[in-house]
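A structural walkthrough
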Amino acid sequence: MSIVRLEHLTKTFGGRTAAVDDVSLSIDDGEFLVLVGPSGCGKSTILRMIAGLEEVTSGDVLIDGEPVTAWPPKQRDIAMVFQNYALYPHMTVQENMAFALKLRHVPAPQLTTQVADTAHLLGLSELLDRKPKALSGGQRQRVAMGRALVRKPRVFLLDEPLSNLDAKLRVSMRAELARLHQRYRITTVYVTHDQVEAMTLGDRIAVLDQGRLQQVGSPEELYLAPANRFVAGFMGSPSMNFATVRLRGGERVTAALDGLELEIPDAARRYPGLAEHLGSAVVLGLRPAALSLAGPGDPAVIEVVPLGVEALGDEKHVLFEAPRDGSRDEQRQTGVVPVAVEDTSGTRLWTAKVTQQADLAIGRPVRLAIDVSKAYFFDATSGQAIAQVGPDAATGAGAPGPRTADAGLAV
Ligand SMILES: Nc1ncnc2c1ncn2[C@@H]1O[C@H](COP(=O)(O)OP(=O)(O)O)[C@@H](O)[C@H]1O
Ligand SMILES: [Mg+2]
């Protein structure tokens, strides 16, 4: 039984801005928590502080309620797997896996059994006599995990363990990791910059940006009800599209976009938070799947010129210049720009996810329908999500945010 608790964990390297800034988080016994965020946001530093490999500047790490912040790494009984595997090159797989047990003076017969069991579970039984240089990337990764798991640590930490593997192997190793976790149920913190990995592996996901915790929740919660614009843009692929829009209305609420007045259906009930923003600018967020090829009766249609068309088999992604917002002045005032992506030429791009059958060509105008019922809204200044409830909340279903057709959660 191991509950890991981080209390106001902070790390500053040499007087610069905090690499990890006041992070408080509790990881349940047996939970698989994924810590996700862009490169440099402080993920590895947090793991290293949990492991005791990095001193904390302030705050505490607790395991089962006991502060271990001052304990040396060895005493914490934590195992960590690194991105580069860090196997001992001169040792065989058997020796690599047995190393930590030897250090702990585990008797030889028990050591042999434990290594054999773990090797079997990881499909390494045939490779025990090989040295790391005679293994493939995937096999090395398995040895690194086997070495960490063999001694049944209280806490298991993994730092981007799959990032050196090719795409196909990454997918199968993801499944393997999930299976290992089912079997051992060791409290795990898994670090990745890859939101797909986070969505598929995590019981819960903690999103980090610039050293600060942005939101903690289940994959569904983060996808359907992002707490702010950063989380909304980070989770989901392709990214959410954003634009600054001016809200108008009372009875009917509309958002001005590209010369359109988009009516927000059932606004008063679905977005209770919008009321205080009427007459001012907010950021509209639309996932690529909220845009589709327009049919004759569609109420909210924009005409766009595809700058890129990516055929992905089941679907196509259309890239086009972001629609202009209703008021450029507002944009200048708030400093919020209507962007999802910026390519090298500085063009602001939006993406629509349409069916594979869609007949599209670069440069040929196409009409896209906006499903306004799938819109998200964010405060133009703070980026915080504006309160909303699911479309069927009245029936008691209580979805945390708009229901999206792409229930596959963007993976
Ligand atoms: N030993 C160090 N000395 C100085 N700065 C560091 C050190 N380790 C990490 N940093 C800085 O702290 C920030 C967070 O780094 P890191 O935790 O490695 O991020 P991530 O793992 O999310 O990519 C980065 O800005 C990085 O440059
Ligand atoms: Mg890192």
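The following refers to the structure shown. (Residues numbered from 1 in each chain as written. Chains lettered and ligands numbered in written order. Predicted model: local features only at pLDDT ≥ 70, side-chain atom pairs only at ≥ 80, totals over all residues. Heavy atoms only, no water.)

Across all of its chains, the model carries 14 salt bridges by this definition. We note a salt bridge from Glu54 to Lys11, for which the minimum N-O separation is 3.7 Å. Of this pair, Glu54 sits in the loop between helix H1 (43-51) and strand E4 (58-63) while Lys11 sits in strand E1 (residues 4-11); the two residues are 43 residues apart in sequence, bridging distant segments of the chain. Among the ionic contacts, a cluster of salt bridges with common partners joins Lys11, Arg48 and Glu54. (Salt bridge = Lys/Arg side-chain N within 4 Å of Asp/Glu carboxyl O. Helix = DSSP H or I, 4+ residues; strand = E, 2+ residues; numbered from the N terminus.)

Before going further, it helps to spend a moment on the pairing of strand E6 (residues 78-81). By the alternation rule, side chains of E6 split into Ile78 and Met80 and Ala79 and Val81, which are all buried. Pairing analysis gives four bridges linking E6 to strand E7 (residues 155-159), with the strands arranged parallel. Pairing of Val81 across the sheet is with Leu158, part of E7. (Buried < 20%, exposed > 50% of the residue type's maximum accessible area, 1.4 Å probe, protein only. Pairing = 2+ DSSP bridges.)

This brings us to the sheet that holds E6. The strand order across the open sheet formed by six strands is E6-E7-E8-E3-E9-E10, and the pairing between neighbours is mixed. The outermost strands of the open sheet, each flanked by one partner alone, are E6 and strand E10 (212-217). Strand-to-strand twist in this sheet, taken as the mean axis angle between neighbours without regard to direction, amounts to 15°. Strand direction decides the pairing type here: strand E3 (residues 32-36) and strand E8 (residues 187-192), joined by five bridges, are parallel. Note that in E8 the partner of Phe32 across the bridge is Thr188. (Axes fitted to C-alpha atoms, helices over the stretch in contact; angles between N-to-C directions.)

Attention shifts here to helix H6 (residues 167-184). Taking 1.5 Å of rise per residue, 18 residues should cover 26 Å, and H6 covers 26 Å from first to last C-alpha, within 8% of that figure. Among the residues making up H6, those that are buried are Met173, Arg174, Glu176, Leu177, Leu180, His181 and Tyr184. Packing partners of the buried residues in H6 comprise E3, helix H4 (108-121), helix H5 (137-149), E7, E8 and helix H7 (195-201). Downstream of H6 by one or two residues, Arg185 has phi in the positive range, about 55°. (Expected span 1.5 Å × (residues − 1). Contact = heavy atoms within 4.5 Å.)

Within the secondary structure layout, Arg287 lies in the loop between strand E14 (281-286) and strand E15 (291-293). There is a polar contact of 2.8 Å between the side chain of Arg287 and the backbone oxygen of Tyr223. Residues within four places of Arg287 in sequence aside, it is in contact with Leu222, Tyr223, Pro226, Ala232, Met235, Gly236, Met240, Asn241 and Tyr376. (Polar contact = N/O pair within 3.5 Å; in protein donor to acceptor, adjacent residues only side chain to side chain.)

We now examine the site of ligand 1. Neighbouring residues of ligand 1: Phe13, Arg16, Ala19, Pro38, Ser39, Gly40, Cys41, Gly42, Lys43, Ser44 and Thr45. A distance of 2.9 Å is found between a nitrogen atom of ligand 1 and a side-chain nitrogen or oxygen belonging to Arg16. Within the backbone of Gly40, one N or O atom sits 2.7 Å away from an oxygen atom of ligand 1. Isolated, ligand 1 exposes 560 Å² of accessible area, and the fraction of that covered by the protein chains is 59%. (Near = heavy atom within 4 Å. Areas by Shrake-Rupley, 256 points an atom, 1.4 Å probe, with all protein chains shown as cover.)

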